[in-house]
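Analysis of the macromolecular model
The chain contents come next:
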Amino acid sequence: QLYTGASLDGAVKLNRGDCDVAINWSGGLHHAKKSEASGFCYINDIVLAILELLKVHARVLYIDIDVHHGDGVEEAFYCTDRVMTFSLHK
C-alpha cells in the first residue's frame with residue numbers, strides 16, 4: 001500500500017502542477033496484472049499512477065529501465081494509443 005500510495009501521490013502532484021518530477025524509488029511493481037499477481041508484484045502502482053495522469057494529460061510515455069520487461073503495464077495499455085511503453089531491459 002505504501003508503494004502504490006507514493007506513486008499515486010506523485011501522479012496527483014504532477015497533475016496539480018505541484019512538482020515537475022516525481023520519483024518513487026520503492027515503486028515499479030510492473031509485473032502485476034489486472035487479475036493476478038506476478039513476480040513479487042501484487043498491485044501495479046505504475047498502472048494506477050498512469051491512470052491518474054491520464055485524467056489530466058492526453059498521453060503518457062512510460063519508460064521502463066528495469067532489468068525485466070514491464071509486462072503488466074504493457075498489457076494494461078496494449079489497446080490504447082494514449083500510453084506508450086518504452087522498455088529498456090536485458
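Residues numbered from 1 in each chain as written. Predicted model: local features only at pLDDT ≥ 70, side-chain atom pairs only at ≥ 80, totals over all residues. Heavy atoms only, no water.

1. A look at the environment of Glu-36
Checked against the element boundaries, Glu-36 lands in the loop between α1 (2-16) and α2 (45-53). Relative accessible area serves as the criterion here: at 45%, Glu-36 is assigned to the partly exposed category. Distance from Glu-36 to Tyr-62, taken between C-alpha atoms, is 21 Å for residues 26 residues apart in sequence. (Helix = DSSP H or I, 4+ residues; strand = E, 2+ residues; numbered from the N terminus. Buried < 20%, exposed > 50% of the residue type's maximum accessible area, 1.4 Å probe, protein only.)

2. What to know about the layout of surface pockets
Space inside the largest pocket adds up to approximately 870 Å³. Taken together, 26 residues form the lining of the largest pocket, with Asn-24, Gly-28, Ile-46, Tyr-62 and Ile-63 sitting closest to its centre. Of the residues in the lining of the largest pocket, the class split is 17 nonpolar, 6 polar and 3 charged. Empty space within the second largest pocket amounts to approximately 220 Å³. Forming the walls of the second largest pocket are Ala-32, Lys-33, Lys-34, Tyr-42, Ile-43, Asn-44, Val-47, Leu-48, Leu-51, Gly-72, Glu-75 and Ala-76. Taken together, the residues that form the lining of the second largest pocket break down as 7 nonpolar, 2 polar and 3 charged. (1 Å grid on protein atoms, 1.4 Å probe; cavity = no way out; pocket = protein on both sides within 12 Å on 5 of 7 lines; lining within 4 Å. Points joined across faces, edges and corners; volume = space filled by probe spheres on them. Nonpolar A, V, L, I, M, F, W, Y, C, P; charged D, E, K, R; others polar.)

3. Digging into the pattern of salt bridges
According to the stated counting rule, one finds 4 salt bridges in the structure shown. Ionic pairing is found between Asp-9 and Lys-13, a salt bridge with its closest N-O pair at 3.6 Å. With a gap of 4 residues between them, Asp-9 and Lys-13 both fall in helix α1, about one helical turn apart. With a relative accessible area of 38%, Asp-9 lands in the partly exposed category. For Lys-13, a relative accessible area of 33% translates into the label partly exposed. (Salt bridge = Lys/Arg side-chain N within 4 Å of Asp/Glu carboxyl O.)

4. Some details on the environment of Lys-33
In this structure, Lys-33 sits in the loop between α1 and α2. In sequence terms Lys-33 and Ala-76 are 43 residues apart; their C-alpha atoms lie 7.4 Å from each other. Apart from the residues within four sequence positions on either side, Lys-33 is in contact with Asp-71, Gly-72 and Glu-75. (Contact = heavy atoms within 4.5 Å.)

5. A look at a nonpolar patch on the surface
Together, Leu-61, Ile-63, Ile-65, Met-84, Phe-86 and Leu-88 make up an exposed nonpolar region whose accessible area comes to about 630 Å². Of all the elements in the fold, those that place two or more residues in the nonpolar patch are β1 (60-64) and β2 (83-87). Position of Met-84 relative to the elements: it lies in strand β2. (Patch = residues over 30% accessible without salt bridge, like charges linked within 9 Å, V, L, I, M, F, W, Y side chains within 5 Å. Areas by Shrake-Rupley, 256 points an atom, 1.4 Å probe, with all protein chains shown as cover.)

6. What about the nonpolar core?
Ala-11, Ile-46, Val-47, Ala-49, Ile-50, Leu-53, Leu-54, Val-60, Tyr-62, Val-73, Phe-77 and Val-83 together form the largest nonpolar core, which totals 12 residues. Of all the elements in the fold, those that place two or more residues in this core are α2 and β1. Broken down by element, the residue count for this core peaks at 5 residues, all from α2. Discounting residues that sit within four places of it in the chain, Val-47 has contacts with Gly-72, Val-73, Ala-76 and Phe-77. (Core = buried A, V, L, I, M, F, W, Y, C linked by side-chain atoms within 4.5 Å.)

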